Amino acid sequence: MDEENFVEALTEDLRTEYQSIVHYISHIATVTGAEFLSTIDELKVRVTQELQHAQILVEPIAFLGGTPATTLPQVNAATGRDALAADLRLEEVSLSDTGKTIGRSHGPGTGRRGRGPASSP
Ligand SMILES: [Fe+2]
C-alpha cells in the first residue's frame, strides 16, 4: 500500500470512529428501559474510547500530509435493541477496518515521508 492509499485508509477509519461517536451519543439518549441500563453505561465508556481512537488517527494522517476528515458516513436513527444491534455491527466493521489498515501499514511502500520530524534530513 502506498502512502496516499494508507492516508485514505486511515481517513476512512477516522470517519468510522466519528460515526461510532454519533451512534453512541444518539443511542445513549434513545435507548431506554431498565434492561438497558448497564448497556447505556457501557456506551458512555465507548464514546470516550472512540474519541480517543479518533484523536489517535488524526495524528498520522496529518503527519503524512493528509487532511483529517470532517465528515462521517450516514448515521441512521434507531432505538432499543435495533440501536444496540447497529452499534455492534458498526463496532465489528470498525475493528475489522482498523485491523486491515494497521496490517497494511507494515507493507512495502509505507516508508515515512511527510511534514513531521521523521522526514527531516
Ligand atoms: Fe474505535
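These notes cover the structure that comes with them. Small disclaimer: the values here were computed from a predicted structure and weren't measured. (Residues numbered from 1 in each chain as written. Predicted model: local features only at pLDDT ≥ 70, side-chain atom pairs only at ≥ 80, totals over all residues.)

## A few points about the overall build of the protein
Step number 1: Each helix and strand in the protein was counted, giving three helices and zero strands.
Step number 2: Reading the secondary structure of the protein in the N-to-C direction produces α-α-α.
Step number 3: The buried share of the protein, taken over its 121 residues, is 18%.
Step number 4: Taking contacts inside the protein between residues at least 6 apart in sequence as the whole, the part at least 24 apart equals 83%. (Helix = DSSP H or I, 4+ residues; strand = E, 2+ residues; numbered from the N terminus. Buried ≥ 20, exposed ≤ 12 C-beta atoms within 10 Å, placed from the backbone. Contact = placed C-beta atoms within 7 Å.)

## Digging into the packing of helix H1 (residues 3-30) against helix H3 (residues 80-105)
Step number 1: In the contact formed by H1 and H3, the axes pass within 10 Å of each other and the chain directions differ by 160 degrees. In terms of axis orientation, H1 runs roughly antiparallel to H3. The hand of the H1/H3 crossing is left-handed.
Step number 2: Taken together, the residues that form the contact of H1 with H3 break down as nine nonpolar, ten polar and seven charged. (Axes fitted to C-alpha atoms, helices over the stretch in contact; angles between N-to-C directions. Parallel < 35°, antiparallel > 145°, perpendicular 65-115°, else oblique. Left-handed = near helix turned anticlockwise from the far one by under 90°. Nonpolar A, V, L, I, M, F, W, Y, C, P; charged D, E, K, R; others polar.)

## Considering the nonpolar core
Step number 1: Counting residues in hydrophobic clusters, the biggest one holds ten residues: Phe6, Val7, Leu10, Leu14, Tyr18, Ile21, Tyr24, Leu43, Leu57 and Ile61.
Step number 2: Of all the secondary-structure elements, those providing two or more residues to this core are H1 and helix H2 (37-63).
Step number 3: In terms of residues, this core owes the most to one element, H1, which gives seven residues.
Step number 4: Every residue in contact with Leu57, bar those within four places of it in the chain, is listed here: Leu10, Asp13, Leu14 and Glu17. (Core = buried A, V, L, I, M, F, W, Y, C linked by C-beta atoms within 7 Å.)

## Some points on H2
Step number 1: If you check H2, its first and last C-alpha atoms are 40 Å apart, about what 27 residues at 1.5 Å a residue would give, namely 39 Å.
Step number 2: Residues of H2 that are buried: Leu43, Glu50, Leu57 and Ile61.
Step number 3: Tucked inside the fold, the buried residues of H2 contact H1.
Step number 4: Gly65 sits one or two positions beyond H2 and adopts a positive phi of about 90 degrees. (Expected span 1.5 Å × (residues − 1).)

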